[in-house]
Amino acid sequence: MQKLLGRPAAPLRLAAVGGGCIHRSFRLQVGGDAYFLKCNDAARQDLFAAEADGLQALADAGHVRVPATLGQGVHGGTAWLLLEWLELAPLGAGAAVQLGEALAAQHAEVRDPCGWHRDNFIGASVQQNRPAADWPAFFRERRLAPQLQWALSAGLLSASTGRTAETVLRGIERFFPDGPAPPALLHGDLWGGNAAQDAAGRPVVFDPAVYCGDPETDLAMMDLFGGFPAAFWSAYHAVHPRRPGCERRRTLYQLYHVLNHVNLFGGGYVAQAGRLIDKLAEPR
C-alpha cells in the first residue's frame, strides 16, 4: 500500500465505515493521512473497474467534484478500490446551489452517441450501454427491457403487468413529443445518498453509473429518492427550464430504477413498479 501511495512505510490502520450495501468500506489511516478503501470478493472486481471509470469521466468533465481515484485492483481473493478520503456532510443550501449550477453545466455539453464505451452497474445489476438507433430505442432496449425481462423471469411481476409494460415499451416514442433532448454525460445513479458537501462546503458526488443520455434521467432519479434541497432545483432549472412532457418522462425514467429495485430487493417495489407501469399506460 505504501508503494501504491508513493510514500515510505508507515503504520496502517483500518476502521470500518458506512459505504453502501454492496461493498465493505473502511477508513484507511496511513501515518497522518486518511483514505477511503472499498473491498469485495475478487469475482466482483468489475464493479470497481466500472466505478473508477465513471469517476474519472466525471472528473474529466470538470463540472461536479468527485473523490479522486488512487488505485484499483485485486489482491489475493479481494478486489479493492482506493479513493480520496473526504469529510462529508449533508448538502446545505449553498452547496445545493453549486451542485445545481455544476450539473446544469455538465448537462449542457452534448455527448453523442447515447450509451457508453463499456457496460457498468446500477447497484449490483449490470447496466447495458451499447448504443442504439436513438435515445428512445436506447432507453427501451438497454434500460427497461432487460430489467423487465429479469423481473418476469424471476416471477416478481405478473404476466398481466408484463403485457402492460410491453405496450408501454412499444409506444415509447409518444413520451417525446418534441423529440429527445441532446445526450449529455450523466451520473446515472444520483440519489440523495450519492451526493454531499465536503468540509469546505463544496458539493461532491460519488458512486456513479455513468453513460450519455437524456439529462432528465438524472433528475428523475434525484426526485425518486429525494434528499435534494429546493435550492438545487431552482439553480438547475434557471439554466435548463423544464421541457414539455417532462412529468411523463420522469415516470418513465423512474420506472427503470424501481424495476432495478424489484430485481434487487423485491418487497414493496413490486407494487410500486405496477403502479408506475399502469400510469404510463394511461392514454393521453
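Shown above is the structure to which this text applies.
My aim in this report is to walk through the structure given alongside it, one point at a time. In this text the structure is predicted, and so the values were computed from the model without any measurement.

## Some points on helix 9 (residues 269-281)
Because each turn of an α-helix spans 3.6 residues, side chains separated by three or four positions in sequence point in the same direction.
Next, step 1: The end-to-end C-alpha distance of helix 9, which contains 13 residues, comes to 18 Å, matching closely the 18 Å that a straight helix rising 1.5 Å per residue would cover.
Next, step 2: Turning to helix 9, its buried residues are Ala273, Gly274, Leu276, Ile277 and Leu280. The buried residues of helix 9 occupy one face: seen down the axis, they fall within an arc of 165°.
Next, step 3: Next to the buried residues of helix 9 lie helix 5 (159-170) and helix 8 (246-265).

## A word on the pairing of strand 4 (residues 69-75)
Two faces, one strand: in a regular strand the side chains alternate between the faces of the sheet.
Next, step 1: Relative to strand 5 (residues 78-84), strand 4 runs antiparallel, the two sharing six bridges. The partner of threonine 69 across the bridge, within strand 5, is leucine 83.
Next, step 2: From the end of strand 4 to the start of strand 5, which pair antiparallel, there are two residues, and glycine 76 there has a positive phi angle of about 60°.

## Looking at the sheet that holds strand 1 (residues 12-17)
Next, step 1: If you trace the five strands from one edge of the open sheet to the other, you get 1-2-3-5-4, paired in antiparallel fashion. Because the sheet does not close on itself, it has two edges, and the strands there are strand 1 and strand 4. Within the sheet, the average angular offset between the axes of one strand and its neighbour, ignoring direction, is 25°.
Next, step 2: One ladder, built from seven bridges, connects strand 3 (residues 33-41) with strand 5; its direction is antiparallel. Across the sheet, leucine 37 pairs through a bridge with leucine 82, a residue of strand 5.

## As for the packing of aromatic side chains
Next, step 1: For the coordinates displayed, the defined rule picks out twelve aromatic pairs.
Next, step 2: Measuring from centroid to centroid gives 5.9 Å for phenylalanine 228 and phenylalanine 232, while their planes differ by 50°, and the two rings are tilted.
Next, step 3: Accessibility expressed as a relative area gives 0% for phenylalanine 232, which makes it buried.
Next, step 4: Cluster of aromatic residues (ring-pair linked, three or more members): Trp135, Phe138, Phe139, Tyr211, Tyr253 and Tyr256.
Next, step 5: Across from the ring centre of tryptophan 85, 5.0 Å away, lies the NZ or CZ of arginine 27, which sits over that ring.
Next, step 6: The ring of tyrosine 211 has arginine 143 lying over it, and the distance from NZ or CZ to the ring centre is 4.1 Å.

## Digging into the environment of glutamate 84
Next, step 1: With respect to the element layout, glutamate 84 can be found in strand 5.
Next, step 2: In the structure, glutamate 84 is positioned 55 residues away from glutamine 29 in sequence and 12 Å away in space, judged by C-alpha atoms.
Next, step 3: Discounting residues that sit within four places of it in the chain, glutamate 84 has contacts with Phe36, Arg65, Val66, Pro67, Ala68 and Leu70.
Next, step 4: Within the structure, glutamate 84 has its side chain in polar contact with the side chain of arginine 65 (distance 3.0 Å).

## Considerations on the packing of helix 3 (residues 93-107) against helix 7 (residues 230-239)
Next, step 1: It is the contact of helix 3 with helix 7, at a shortest axis distance of 7 Å, that shows an interaxial angle of 30°. With respect to each other, helix 3 and helix 7 are oriented roughly parallel. In the packing of helix 3 onto helix 7, the handedness of the crossing is right-handed. Residue-level inspection shows Ala93, Ala96, Val97, Leu99, Gly100, Glu101, Leu103, Ala104 and His107 of helix 3 in contact with helix 7, the latter providing Ala231, Phe232, Ala235, Tyr236 and Val239.
Next, step 2: Residues that form the contact of helix 3 with helix 7 fall into these classes: eleven nonpolar, two polar and one charged.

## Considerations on the layout of surface pockets
It is the rolling of a water-molecule-sized probe over the atoms that shows where space remains empty.
Next, step 1: In this structure, the second largest pocket spans a volume of roughly 390 Å³.
Next, step 2: Around the second largest pocket sit 23 residues that line it, and Glu216, Leu219, Tyr236, His237 and Arg242 are the ones nearest its centre.
Next, step 3: Mapped by element, the contributors of at least two residues to the lining of the second largest pocket are helix 6 (216-225), helix 7 and helix 8.
Next, step 4: Top contributing element to the lining of the second largest pocket by residue count: helix 6, with four residues.

## Description of the environment of glycine 76
Next, step 1: For glycine 76, the position within the fold is in the loop between strand 4 and strand 5.
Next, step 2: When the C-alpha atoms of glycine 76 and alanine 52 are compared, they prove to be 20 Å apart, with 24 residues separating the residues in sequence.

## Some thoughts on the nonpolar core
Next, step 1: Within the largest apolar cluster, 64 residues are counted, with the highest numbers of intra-cluster contacts made by Leu144, Phe228, Phe232 and Leu252.
Next, step 2: Considering each element in turn, this core owes the most residues, seven residues, to helix 8.
Next, step 3: Leucine 144 has contacts with Phe139, Leu169, Ile172, Leu252, Leu255, Tyr256 and Leu259, leaving out every residue within four places of it along the chain.

Criteria and thresholds
- Residues numbered from 1 in each chain as written.
- Predicted model: local features only at pLDDT ≥ 70, side-chain atom pairs only at ≥ 80, totals over all residues.
- Heavy atoms only, no water.
- Helix = DSSP H or I, 4+ residues; strand = E, 2+ residues; numbered from the N terminus.
- Expected span 1.5 Å × (residues − 1).
- Buried < 20%, exposed > 50% of the residue type's maximum accessible area, 1.4 Å probe, protein only.
- Arc of directions from axis to C-beta.
- Contact = heavy atoms within 4.5 Å.
- Pairing = 2+ DSSP bridges.
- Axes fitted to C-alpha atoms, helices over the stretch in contact; angles between N-to-C directions.
- Phe/Tyr/Trp six-rings, centres within 6.5 Å; stacked < 30°, edge-to-face > 60°.
- Lys NZ or Arg CZ within 6 Å of the ring centre and 35° of its normal.
- Polar contact = N/O pair within 3.5 Å; in protein donor to acceptor, adjacent residues only side chain to side chain.
- Parallel < 35°, antiparallel > 145°, perpendicular 65-115°, else oblique.
- Left-handed = near helix turned anticlockwise from the far one by under 90°.
- Nonpolar A, V, L, I, M, F, W, Y, C, P; charged D, E, K, R; others polar.
- 1 Å grid on protein atoms, 1.4 Å probe; cavity = no way out; pocket = protein on both sides within 12 Å on 5 of 7 lines; lining within 4 Å.
- Points joined across faces, edges and corners; volume = space filled by probe spheres on them.
- Core = buried A, V, L, I, M, F, W, Y, C linked by side-chain atoms within 4.5 Å.

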